[in-house]
Amino acid sequence: MGVKLLLEKANVPGIRTYDVYRREGGYAAAEKALKEMSIEAIVEEVKKSGLRGRGGAGFPAGMKWSFIAKPEGVPRHLVCNADESEPGTFKDRYLMEFLPHLLIEGLLISSYALGSNDTYIYIRGEYAWVATILEDAIVEATKNGWLGKNILGTGFDCMVHVHRGAGAYICGEETALIESLEGKRGNPRIKPPFPAIQGLWMRPTVVNNVETLAAVVPIIKMGGEEYAKIGVGRSTGTKLISACGNINKPGVYEIDMTISVEDFIYSDEYCGGIAGGKKLKACIPGGSSVPILPANLLLKTAKGETRYMNYESLSDGGFATGSMMGSGGFIILDEDQCIVKNTLTLARFYRHESCGQCSPCREGTGWMEKILQKIELGKGESSDIDLLWDIQRKIEGNTICPLGDAAAWPVAAAIRHFRDEFEWHINNRELSQTSNFGLQHYADPIHVPA
Amino acid sequence: MSLQFNNEQMTEFKSLVARYPEGKQKSALLPVLHLAQDSFGGWLPTEAMDYVASLLEIEPIEVYEVATFYSMYNLKPVGKFVFEVCQTGPCMISGSENIIAYIQKQLDIKPGETTKDGMFTLKLVECLGACGYAPMMQVGKIYREHLTKEKVDAIIAEYRMQVVALN
């Protein structure tokens, strides 16, 4: 069993309630932070921990905190990003649903460190019952003196408010989230100014993912240096992985980032192997927007080395032969899955979720979906593959927010690694309607030059 | 204006607005639109949006542009129970297409349609964050996960029973 820092108590009966959470050692880190530590010391521990943003971008959390502006007389805000909408990702939901007080405790410590008296949890609208669980936890925490006025006699006031979104992937992007929290359409803002300077209501704001804020609790409890000893290199601490697709045991797993991808997929402690005894064909290891990898490049890097479940190893080889840790949304495709169809559903997703602000994304996502649909329906032409490639290139890097890149990458990676499957669809129009390209060579050992 | 929150809904409205600083009441727009949709029959007629605008002291256009942007707001009447079935990648590779086809057959409607008795609406939606429990659908405020044909039958029967019990 690996180290568990976040989900250790997830199976304790009643842990969702304040009493049980407290009895199990909950709010001890908050007590330590507010009573024994200075604000600078808390920020320092988070910096030392090497904690990287768990929402997908992996930006160092302590550094993000240190950017927040502190103009005299202007309120500052912490906003928790619980808009979890990246296909393949459902880890934050698990954490909030089963350990709501862990998040509240992390929010309290972080709000104290940042000087946020009104902290918001922006939760995706569909997680309505999870919002209720959080609201109940807030009431309990307030009753017990962990939220409200003059917390623990420190003079610090903090209230946490739940704000339900209404179905828009784009609101996971921090400036779109802020717009949405202001009661507007989720159109991302042009940066700079960054939220740390002008965010919610033009006030200094830090937006962090649920898992990032929950991780602040063990960091304060054990100290940043100890936390940083877990994991490897710049992948410190533990990471929640939501595993789904064609595996025996889909679910949310906490890993220390030293486990190999192969062990994660095949060990009984985690995914438990490919469902139905089938063969592994491909994997999208970090949420739908990161590059898909064929089995051979997933388990080993292009250099023939074992690939591990951490930021550095998953991105080894760059986009040419690697992928990304992303949000930890781990999607497994077995030998019977069609890459063209899978890419089409993702292209449709991004077309649906584009906010429409930037032409390359608004128009490009629609074109990509249409062309993929055409190929999938057995009407593709050989020029379509190059056209798709051309469109995705014209989206990437040419939009205000990263949704453009997120839409371009899955298409690019599918063509990069599975071009012959696309060609097969185009050259076998009728056959492709009744059968499947299958595994082919995608699991073959890669040739490693001596 | 005939559409109005009752006392209980008005209390809820006030508690939603109180979550934001004074003068920033527009921030409550998304939660208030949820409340309006739940209160006024599952969708947002123009009258409901105008009412929300007047309550929040903002222009009606500010409400329309938000209501049309977010996919959870229904701008047309819907059935008593809305089956929102996920069709994105992870659900697709876990068999959502068969479930969608089966629901269509059992209810005799296409995506976007409502059954003649006004009971069920079928809506295809994008990723709802339940990829590990696929295939799945959202019905009202809850998720129905690990769907099979048998489960779909049981769910449809369950909602039919609910209505019978209410009548």
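Look a little higher up for the structure.
Let me begin by describing the structure that accompanies this report. What you see is a predicted model, and the numbers here were worked out from it, not measured in a lab.

**Some details on the interface of chain B and chain A**
Here's step 1: Across the boundary between the two partners, chain B contributes 38 residues, which contact 55 residues of chain A.
Here's step 2: Across the interface of chain B and chain A, roughly 3800 Å² is buried in total on both sides, 58% from carbon and sulfur atoms.
Here's step 3: Counting every contact that joins chain B to chain A gives 4 salt bridges.
Here's step 4: For Lys341(A), the salt bridge identified is with Glu97(B), shortest N-O distance 2.7 Å.

**Points about the environment of Ser39(B)**
Here's step 1: Position of Ser39(B) among the secondary structure elements: in helix H2 (residues 29–39).
Here's step 2: With sequence-adjacent residues up to four places away left out, Ser39(B) is seen in contact with Phe5(B) and Gln9(B).

**Some details on the pairing of strand E11 (residues 329–334) of chain A**
All names here are of chain A.
Here's step 1: Across the 6 residues of E11, 6 count as buried, placing the element largely inside the fold.
Here's step 2: Where strand E7 (residues 238–245) meets E11, 4 bridges bridge the pair, whose relative direction is parallel. The residue of E11 that forms the bridge with Cys244 is Ile331.
Here's step 3: One ladder, built from 4 bridges, connects strand E9 (residues 280–284) with E11; its direction is antiparallel. Looking across to E11, one finds that Leu280 is bridged to Asp334.

**Re the sheet that holds strand E1 (residues 81–86) of chain B**
Two pairing modes exist for strands in a sheet, parallel and antiparallel, and in both the strands are linked by backbone hydrogen bonds.
All names here are of chain B.
Here's step 1: Pairing in this open sheet of 4 strands is mixed, and the strands run E2-E1-E3-E4 from one edge to the other. The sheet is open, and its two edges are formed by strand E2 (120–125) and strand E4 (142–144), each paired on a single side. Adjacent strand axes in the sheet meet at a mean angle of 25°, parallel and antiparallel pairs treated alike.
Here's step 2: Pairing of strand E3 (residues 137–139) with E4 involves 3 bridges; the strand directions are antiparallel. For Gln138, the partnering residue across the bridge sits in E4 and is Tyr143.
Here's step 3: Along the sheet, helix H6 (residues 96–107) makes contact with E1, E2 and E3, crossing E1 at roughly 155°.

Conventions used here
Residues numbered from 1 in each chain as written. Chains lettered and ligands numbered in written order. Predicted model: local features only at pLDDT ≥ 70, side-chain atom pairs only at ≥ 80, totals over all residues. Heavy atoms only, no water. Contact = heavy atoms within 4.5 Å. Buried area = accessible area lost by both parts, 1.4 Å probe. Salt bridge = Lys/Arg side-chain N within 4 Å of Asp/Glu carboxyl O. Helix = DSSP H or I, 4+ residues; strand = E, 2+ residues; numbered from the N terminus. Buried < 20%, exposed > 50% of the residue type's maximum accessible area, 1.4 Å probe, protein only. Pairing = 2+ DSSP bridges. Axes fitted to C-alpha atoms, helices over the stretch in contact; angles between N-to-C directions.

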